[in-house]
Amino acid sequence: VSVENQEYANKRIPLLMQTPARVRFLSIEPLLGPVNLREMAHRDDWHVDALDTPDPSCRVNWVIVGGESGPGARPMHPDWVRSIRDQCQAANVKFFFKQWGEWLPFVYHDGKGGRYLNISVKDTNKRERIVVGDPRSRDVNVRRVGKKKAGRELDGREWNEFPAGPPHAC
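Note that the structure is a prediction, hence the values are computed from the model and not measured.

A.B. asks: So what's going on with the overall build of the chain? Residues and values would help.
C.D. replies: Helix and strand content of the chain: three helices and ten strands. Here the chain holds 170 residues, and the buried ones make up 47% of them. A fraction of 71% describes how many contacts in the chain between residues 6 or more apart in sequence connect residues 24 or more apart. In the structure as shown, the chain presents an accessible area of about 9,200 Å², 49% of it carried by carbon and sulfur atoms.

Laid out in structure tokens, this is it:
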């Protein structure tokens, strides 16, 4: 299923969890807000953990994350991507980072010796530059550099994990 933010994770992932399948995957793109896959509110009295179930063959096996591209593309906060990656790693779920989209976070120096992101952008033209804020994390400067130039590297590497699939469908 496709998921853009927590609201759609809460609506769509529980339906995926009820579907018999050998491999279940989430396409979290474009990622437009933080997503907690470990505890999604499905109903007032019921929560879903997409990454851990009593039967391992009945959980999400693969998560793909990507930013938005195109003329009206919105930026994504790198901490949103990191959070999903970290959730997947903790649950031994395969993680694939597809792309940043149009917007790339860049190194911001706070003037006190602090550096927020180890990403350099050599493009110094006058393309759009904004700050992406998240109440649960710090603000991050991003620059519109285009999908190809933004690339797919997260924290110094490409994340290209693929699932093998469970032995049977649940």
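A.B. asks: Before we move on, could you go through the pattern of salt bridges and cite the residues and values that matter?
C.D. replies: Tallied over the entire structure, the rule returns ten salt bridges. Salt-bridge contacts for Arg152 lead to Glu158; the nearest nitrogen and oxygen are separated by 2.9 Å. Classification of Glu158 as partly exposed rests on a relative accessible area of 41%. The network of salt bridges with shared partners includes Asp79, Arg82, Arg85, Asp86 and Asp155.

A.B. asks: Got a sec to walk through helix α2 (residues 78-90)? Specific residues and values, please.
C.D. replies: With 13 residues, α2 extends 18 Å between its outermost C-alpha atoms, agreeing within 8% with the 18 Å of an ideal straight helix rising 1.5 Å per residue. If you check which residues of α2 are buried, you get Pro78, Asp79, Trp80, Val81, Arg82, Ile84, Arg85, Gln87 and Cys88. Asn92 lies just past α2 and shows a positive phi near 60°.

A.B. asks: Could you give me a rundown of the sheet that holds strand β4 (residues 62-66), with the residues and numbers involved?
C.D. replies: Here three strands make up an open sheet; going across it, the order is β1-β4-β5 and the pairing parallel. If you trace the sheet from one side to the other, it starts and ends with β1 (25-28) and β5 (94-99), each paired once. On average, each strand axis in the sheet is inclined to that of its neighbour by 15°, with strand direction left out of account. Sheet topology places β1 next to β4; four bridges connect them, and they run parallel. Residue pairing for β4: Ile28 is matched across the bridge by Val65. Across the face of the sheet, α2 comes into contact with β1, β4 and β5 while running at roughly 160° to β5.

A.B. asks: Please give an account of helix α1 (residues 6-17) that cites residues and values.
C.D. replies: Relative to the 16 Å expected for twelve residues at 1.5 Å per residue, α1 spans 16 Å between its end C-alpha atoms, a close match to the ideal helical length. Structurally, the start of α1 carries an N-cap: the backbone nitrogen of Glu7 is 3.2 Å from a side-chain oxygen of Asn5.

Rules and cut-offs
- Residues numbered from 1 in each chain as written.
- Predicted model: local features only at pLDDT ≥ 70, side-chain atom pairs only at ≥ 80, totals over all residues.
- Heavy atoms only, no water.
- Helix = DSSP H or I, 4+ residues; strand = E, 2+ residues; numbered from the N terminus.
- Buried < 20%, exposed > 50% of the residue type's maximum accessible area, 1.4 Å probe, protein only.
- Contact = heavy atoms within 4.5 Å.
- Areas by Shrake-Rupley, 256 points an atom, 1.4 Å probe, with all protein chains shown as cover.
- Salt bridge = Lys/Arg side-chain N within 4 Å of Asp/Glu carboxyl O.
- Expected span 1.5 Å × (residues − 1).
- Pairing = 2+ DSSP bridges.
- Axes fitted to C-alpha atoms, helices over the stretch in contact; angles between N-to-C directions.
- Polar contact = N/O pair within 3.5 Å; in protein donor to acceptor, adjacent residues only side chain to side chain.

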